[in-house]
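Topology and contacts: notes
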Amino acid sequence: MNITLNGAARQTAAATLADLLTEQGFGQKVATARNGDFVPVPLRATTPVIEGDRIEVVAPMQGG
């Protein structure tokens, strides 16, 4: 299926957000949003990824 991941068009076979993170090589220490809505870690395994979704994955940055 076709989705947008961090602003780039991608194809994926992932059924859930957790599957997508694994498929795309992201670690667990990231923040995620699906179609503009924050998805907390405990809900990733049950959050479906469907055609046309806009997924944002952001890694924390250190500094200050």
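Structure shown above.
Computed from a predicted model, the values in this text were never measured in an experiment. (Residues numbered from 1 in each chain as written. Predicted model: local features only at pLDDT ≥ 70, side-chain atom pairs only at ≥ 80, totals over all residues. Heavy atoms only, no water.)

1. What about the overall build of the protein chain?
- Looking only at helices and strands, the protein chain features one helix and five strands.
- If you list the helices and strands of the protein chain from N to C, you get β-β-α-β-β-β.
- Against the 2.2 N^0.38 benchmark of 11 Å for 64 residues, the protein chain shows a C-alpha radius of gyration of 11 Å, consistent with a compact globule.
- Taken along the three principal axes of its C-alpha coordinates, the protein chain extends 40 × 25 × 20 Å.
- The buried share of the protein chain, taken over its 64 residues, is 28%.
- Put simply, of all contacts in the protein chain between residues at least 6 apart along the chain, 51% involve residues at least 24 apart.
- If you average the places of the 5 positive and of the 6 negative side-chain charges in the protein chain, the two averages end up 7 Å apart. (Helix = DSSP H or I, 4+ residues; strand = E, 2+ residues; numbered from the N terminus. Rg over C-alpha atoms; globule rule 2.2 N^0.38 Å. Buried < 20%, exposed > 50% of the residue type's maximum accessible area, 1.4 Å probe, protein only. Contact = heavy atoms within 4.5 Å. Lys, Arg positive; Asp, Glu negative; His and termini not counted. Charge placed at Lys NZ, Arg CZ, Asp CG, Glu CD.)

2. With respect to the sheet that holds strand 2 (residues 8-11)
- On the basis of which strands lie adjacent, the open sheet formed by five strands has the order 2-1-5-3-4 and mixed pairing. Each end of this open sheet is capped by a strand with a single partner; those strands are strand 2 and strand 4 (37-39). When the angles between neighbouring strand axes are averaged without regard to direction, this sheet yields 35 degrees.
- Sheet topology note: the strand 1 (residues 2-5)/strand 5 (residues 54-58) ladder contains two bridges and is parallel. Considered in strand 5, the bridge of Thr4 is made with Arg54. (Pairing = 2+ DSSP bridges. Axes fitted to C-alpha atoms, helices over the stretch in contact; angles between N-to-C directions.)

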